[in-house]
Amino acid sequence: PMPVLFERVILLKTVDLFRETPDPVLSHVAKALEEIHAPRGTKIIEKGELGTCLYIIVEGRVRVEDGEHVLAELGSRQVVGELALLDPEPRSASVIAIEETTLLKLDWEAFYDLMVDNIEIARGAIATLCRRIRKQNELLSHLQTEQVLQESVV
């Protein structure tokens, strides 16, 4: 288990979303986290359910999938479900533990309360989402280029 607040603060400092957040603020975030243990095969997030939290992977690995399509595999110190913190909407993909996994769960209400008083948390969330959008744009551009090349060969 993740027993002490200090260890959670150190973990949070290694997560992109909270990298710029000062330690005193991280201690408030750490207090709001709930530890979750997911055995291999556990569905952590179900596509279509209302997203109200994010998960930080402490140990283990998860697969993000949309039906038959694997969108990503994520591991230690990575975050899944971060869009729900800024916009609680139905989940766009499912997340399954592909090995025994320990996660820290942060609900959007707690995140919002912390963000209102600490601009660093808002900056971290915005920067993380911008990186995610850029990465998806690069992937889409690459896929479109491949499609054009394939069509020109045919």
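We now turn to the structure provided with this report. (Residues numbered from 1 in each chain as written. Predicted model: local features only at pLDDT ≥ 70, side-chain atom pairs only at ≥ 80, totals over all residues. Heavy atoms only, no water.)

### Brief notes about empty space enclosed by the protein
One pass over the full model with this rule turns up 1 cavity of 30 Å³ or more. A volume near 30 Å³ is recorded for the largest cavity. Taken together, L17, E82, L85, L86, A125, T128 and L129 make up the lining of the largest cavity. For the lining of the largest cavity, the element with the highest residue contribution is helix α5 (residues 119–153), accounting for 3 residues. Its residues placed into classes, the lining of the largest cavity shows 5 nonpolar, 1 polar and 1 charged. (1 Å grid on protein atoms, 1.4 Å probe; cavity = no way out; pocket = protein on both sides within 12 Å on 5 of 7 lines; lining within 4 Å. Points joined across faces, edges and corners; volume = space filled by probe spheres on them. Helix = DSSP H or I, 4+ residues; strand = E, 2+ residues; numbered from the N terminus. Nonpolar A, V, L, I, M, F, W, Y, C, P; charged D, E, K, R; others polar.)

### Notes on the sheet that holds strand β6 (residues 79–80)
Spatial ordering of the open sheet is given by β1-β8-β3-β6, a layout of 4 strands whose pairing is antiparallel. The strands lining the two open edges of the sheet, one partner per strand, are β1 (34–38) and β6. Inspection of the sheet shows strand β3 (residues 53–59) paired to β6 by 2 bridges, in the antiparallel sense. Across the sheet, residue Y55 finds its bridge partner in β6, namely V80. The sheet contacts of helix α1 (residues 5–13) involve β1, β3 and β8 (101–107), and relative to β3 the element is tilted by about 100 degrees. (Pairing = 2+ DSSP bridges. Contact = heavy atoms within 4.5 Å. Axes fitted to C-alpha atoms, helices over the stretch in contact; angles between N-to-C directions.)

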